[in-house]
Protein chains: 2
Amino acid sequence: MTPLRHAQGDPLPSWNDGSPKQSILSFVAAVSREGSPDFVPAPQRIATFDNDGTLWCEQPMYVQLAFALDRVKALSKQHPEWTDNQPFKAVLENDMDALAEAGYKGLVELVMATHAGMSTADFAKICVGWLKTARHPRFNRPYTELVYQPMLELLAYLRNSGFKTFIVSGGGIEFMRSWSEQVYGVPPEEVVGSSIETRFTVLNGRAELIHLPEINFIDDGDGKPVSINKHIGQRPIAAFGNSDGDLQMLQWATMSSGRRLGLIVHHTDAAREYAYDRESNFGYLDEALDAAKQSNWTLVSMKDDWKRVFQFE
Amino acid sequence: MTPLRHAQGDPLPSWNDGSPKQSILSFVAAVSREGSPDFVPAPQRIATFDNDGTLWCEQPMYVQLAFALDRVKALSKQHPEWTDNQPFKAVLENDMDALAEAGYKGLVELVMATHAGMSTADFAKICVGWLKTARHPRFNRPYTELVYQPMLELLAYLRNSGFKTFIVSGGGIEFMRSWSEQVYGVPPEEVVGSSIETRFTVLNGRAELIHLPEINFIDDGDGKPVSINKHIGQRPIAAFGNSDGDLQMLQWATMSSGRRLGLIVHHTDAAREYAYDRESNFGYLDEALDAAKQSNWTLVSMKDDWKRVFQFE
């Protein structure tokens, strides 16, 4: 149906030969070749990708948390009260222990203070502006360069094979949409994520949606199959993740009849990226690591299976 | 970018010549011709359509309500208590006055009794099965034949002009998705609607989503811009509705900079379909009718502007 642009060459040049690459190639061939017993018509070739830790780097902290911390600093002049109040005080003093102590409740307060009280259009502008100047603390590059080259090839390969590739992430839906098309080739309507409430308003003849300081949906864990059903309305036949927050998404994609692919990126490469799994503050991989073995999901070792991690290497 | 398949012929043959048809043609030309001062790149050509009363017939009652009433009757043997309890008693006795008296609360009870307690896959099967046998009381045809031919042409014309056409309806998202692709050419991921809560579960090695008896989101009025932002993440440049439930969607699409199209289908044709507006039980058009005049939205008179309403005429 869709021409295989890479049919002549290697569609995954940054992947080492090995069983993960083979499992991807044989899955795609099985579901996209007409006449194959596992053939799936193109409109049903739905693939879902987690973002943080699956498509781009999530260490030493989620990029969107770095964004929130920078925003707190940028807004602190308008909020003199923050110098005495947690979790803001911790942010302004770069006190990561105090920040960790503030826990989930503190995190929500930071998100609300930096994501609410503005229109959707203004928020998108703030995100784009921040991404232009912010730099990763270790690699000293824009965060949008810290995307995994092998995964970009995988996204393109799937799309060239008639798949629709959705992002389904615990990250903020509007934050991701501000750069997903440019960086991943994924348009806004194919991005699913966590969200805060919005309110419709007409002001001076212009219609706007205003961000409210209230959580709408947390797109993680059990929430991922729920949001996939809401946004996509079809069960994916392939799902890609890297942490326990992706467990149910991979179950939803694979625990059904027909040929399926579940794949987990295992961060095993401290030299080129990071090495972490069961104990990490961000993107811990514990239950899903065990499930991968039980369920025959493809486990990708960053160190062994990827020739290159980032494009700039 | 996308070839205009109908460039040689009339893309809207079921529309009479007149100002509504002209306003559609000139809008589409303005936004899709490269070099036009109003040119919009294809990925941003987003059009949203209400469903009930805009794409198919919503009289003498919403199709999904007819579905719920039929389901109550089909399930009544398993629920002997329904013969004595409203709103079920009213349904079983075809007592429309008593049903109206049960109001919104009664409606929600009917929806929960007929839409909850099953998996998403089982619900879709029930919808498909019902649509095969159910008949419209006046036209004695499957509901899926009561779609408006001029609107099918409009959907196709927009898609051929590089638009993405989304359905954004107060109707149930899963109900619509069970037939939207076949009837409108709109795939599940481009359907937005009201929803009930779901819960993820793994049972006997299979992953399922189960419908819970709880409203998740009502996709009507103020809710439509909110859901458009959530699902699509881009502001539509064209919106199509027929009732006050579509007012805010049309405001969201049109009250912004750049060339925009807002269009309202006015039910003026009692002979071929129905005639109703400010006083109707289903799809009343009051505030949005006034707003159409103030805002220069295109007002389509079914009687005057459509050569044909249904394909079977």
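Look up a bit, the structure's there.
Cut-off values and rules
Residues numbered from 1 in each chain as written. Chains lettered and ligands numbered in written order. Predicted model: local features only at pLDDT ≥ 70, side-chain atom pairs only at ≥ 80, totals over all residues. Heavy atoms only, no water. Helix = DSSP H or I, 4+ residues; strand = E, 2+ residues; numbered from the N terminus. Buried < 20%, exposed > 50% of the residue type's maximum accessible area, 1.4 Å probe, protein only. Least-squares fit on C-alpha atoms with pLDDT ≥ 70 in both. Contact = heavy atoms within 4.5 Å. Phe/Tyr/Trp six-rings, centres within 6.5 Å; stacked < 30°, edge-to-face > 60°.

### Quick word on the environment of Ala74 of chain B
All names here are of chain B.
Link 1 in the chain: Locating Ala74 in the fold gives a position in helix H2 (residues 63-75).
Link 2 in the chain: According to the relative accessible area criterion, Ala74 is exposed, its value standing at 51%.
Link 3 in the chain: As a C-alpha pair, Ala74 and Gly241 span 167 residues in sequence and 33 Å in three-dimensional space.

### A look at the relation of the copies chain A and chain B
Mapping between the two copies of the chain is achieved by a rotation about an axis and a shift along the axis.
Link 1 in the chain: Of the transformation superimposing chain A on chain B, the axial component is 0.0 Å and the angular component is 180 degrees, with the fit at an RMSD of 0.0 Å. One copy is carried onto the other by what is essentially a two-fold rotation axis. Across chain A, the rotation axis passes nearest the C-alpha of His231 of chain A, at a separation of 3.1 Å.
Link 2 in the chain: The fraction of interface residues of chain A whose copies in chain B are also interface residues reaches 100%, indicating that both copies meet through the same surface.

### Let's talk about the environment of Gln251 of chain B
Link 1 in the chain: Examined against the element boundaries, Gln251 of chain B turns out to sit in helix H10 (residues 247-254).
Link 2 in the chain: For Gln251 of chain B and Asn16 of chain B, which are 235 residues apart along the polypeptide, the C-alpha to C-alpha distance reads 27 Å.
Link 3 in the chain: Residues within four places of Gln251 of chain B in sequence aside, it is in contact with Phe200, Val202 and Ala207 of chain A together with Trp297 of chain B.

### Some thoughts on unusual backbone geometry
The general pattern is negative phi for most residues beyond glycine and trans for most peptide bonds.
Link 1 in the chain: Cis geometry is found at the peptide bond from Gln59 of chain A to Pro60 of chain A, where omega equals 0 degrees.
Link 2 in the chain: With respect to the secondary-structure elements, Pro60 of chain A resides in the loop between strand S1 (46-49) and helix H2 (63-75).
Link 3 in the chain: In this model, Asn140 of chain B sits at a positive phi of 50 degrees, which is unusual for a non-glycine residue.
Link 4 in the chain: As for its placement among the helices and strands, Asn140 of chain B is situated in the loop between helix H5 (120-133) and helix H6 (149-160).

### Notes on the packing of aromatic side chains
Residues and elements named next belong to chain B.
Link 1 in the chain: Taken as a whole and judged by the stated rule, the model has 40 aromatic pairs over all chains.
Link 2 in the chain: On the basis of an interplanar angle of 75 degrees and a centroid distance of 5.3 Å, the ring pair of Phe67 and Trp130 is categorised as edge-to-face. Here the residue Phe67 occupies a position in helix H2, and Trp130 occupies one in helix H5, the gap between them amounting to 63 residues.
Link 3 in the chain: In this structure Phe67 comes out as buried when scored by relative accessible area, which is 0%.
Link 4 in the chain: A relative accessible area of 9% means that Trp130 is categorised as buried.

Any functional reading would require information that these geometric values do not contain.
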